[in-house]
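Fold and geometry: a report
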Amino acid sequence: MKWVYIAAGVALFVKFLIMPNPAPDLSFSIVEAVVEDSGVPNAVTGIILRNRLYDTIFEVVVFTISVMGAKFLLADERPFCTIYQFTDEPSIVMARLGATIAALVGIELAIRGHLSPGGGFAAGVAGGTAIGLVAITSSSEWMQEIYKRWNASRWEKVSVLIFIVLSVITLAGYELPQGELGTLISGGVIPLLNILVAIKVALGSWAAILVFIHYRGLL
């Protein structure tokens, strides 16, 4: 039976190589149309947070379920007894310097992701990287205490709920004024959605990091 699958795969590959697939002859530029409709120069952000907003809602929900799944699957395991961390001064300085740079990059990507390459997901990854770099040089108890003191878990859930509400309102046809193209305050609700996604991904990454450190150690 496997030879049938192999033959079908080869036939499909040959089809892609031989048969032409001409691009549609459009009287307008798709990129320009997306920029005009969304009001942001970054067409990728316009597609993710406007044209494909319905898909993006479920991408955010899937990330939330992933973090919850990590907590659920590891809940029955025995906590890791010994957690090894960087103790030499040069490594600590370099890690915290990298964390500072990653945090600043994350903020930049979140607030300007609709104007240049970036966006909420990239900003959240940068924020999660900053938290991870701090985690490898700090006490896990201290990280857990900061997480609880700032109510990070609650803010993560609030950011998801606000994102879903704003997305539903946008999908219903109600939008904020787009403003002037290319300025920081433009694109209607898109900058707000970017910031909410960044907060969600960064705080979700923080929660996942704490769970894995508690049950699997750090290094």
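One can find the structure itself at the top, above this paragraph.
So, here is what we can say about the structure in this document. It should be emphasised that the depicted structure is a prediction, and the values quoted were computed from it without experimental measurement. (Residues numbered from 1 in each chain as written. Predicted model: local features only at pLDDT ≥ 70, side-chain atom pairs only at ≥ 80, totals over all residues. Heavy atoms only, no water.)

**What to know about the overall build of the protein chain**
Of regular secondary structure, the protein chain possesses nine helices and zero strands. Relative to the globule expectation of 17 Å for 219 residues, the C-alpha radius of gyration of the protein chain, 22 Å, shows a markedly less compact shape. Within the protein chain, the proportion of its 219 residues that are buried is 36%. Partitioning the intrachain contacts of the protein chain with sequence separation of at least 6 by distance along the chain shows that 81% fall at a separation of at least 24. Placing the 14 positive and 16 negative side-chain charges of the protein chain at their respective mean positions leaves the two points 10 Å apart. (Helix = DSSP H or I, 4+ residues; strand = E, 2+ residues; numbered from the N terminus. Rg over C-alpha atoms; globule rule 2.2 N^0.38 Å. Buried < 20%, exposed > 50% of the residue type's maximum accessible area, 1.4 Å probe, protein only. Contact = heavy atoms within 4.5 Å. Lys, Arg positive; Asp, Glu negative; His and termini not counted. Charge placed at Lys NZ, Arg CZ, Asp CG, Glu CD.)

**A short note on the nonpolar core**
Among the nonpolar cores identified, the biggest contains 13 residues, and Leu49, Leu53, Val60, Phe163, Ile190, Leu193 and Val197 are the most heavily contacted of them. Those elements that place two or more of their residues in this core are α4 (53–74), α8 (152–171) and α9 (190–216). Looking at this core element by element, the count peaks at five residues for α9. Ignoring sequence-local partners within four residues, the contact set of Ile190 consists of Ser38, Val40, Thr45, Gly46, Leu49, Arg50 and His114. Ile131, Tyr147, Leu203 and Trp206 belong to the second-largest nonpolar core, a separate cluster that totals 12 residues. (Core = buried A, V, L, I, M, F, W, Y, C linked by side-chain atoms within 4.5 Å.)

**Some thoughts on α8**
Look at α8: 28 Å from first C-alpha to last across 20 residues, which is about the 28 Å you get at 1.5 Å a residue. Among the residues making up α8, those that are buried are Ala152, Glu156, Ser159, Val160, Phe163, Ser167 and Thr170. For α8, the angular spread of buried residues about the axis comes to 100°, placing them on one side. The exposed residues of α8 that point more than 90 degrees off its buried face are Arg154, Lys157 and Leu161. (Expected span 1.5 Å × (residues − 1). Arc of directions from axis to C-beta.)

**Describing unusual backbone geometry**
Positioned with a positive phi, Asn151 is a non-glycine residue whose angle comes to about 55°. Within the secondary structure, Asn151 sits in the loop between α7 (140–149) and α8.

**Section: the pattern of salt bridges**
Enumeration according to the criterion identifies six salt bridges in this entry. Arg50 is the salt-bridge partner of Glu175, the closest N and O atoms lying 3.1 Å from each other. Taken together, the residues Glu175 in the loop between α8 and α9 and Arg50 in helix α3 (residues 43–51) connect sequence positions 125 residues apart. Overall, the relative accessible area of 45% leaves Glu175 in the partly exposed class. Shared partners join several salt bridges into a network, and the residues in it are Arg52, Asp55 and Glu59. (Salt bridge = Lys/Arg side-chain N within 4 Å of Asp/Glu carboxyl O.)

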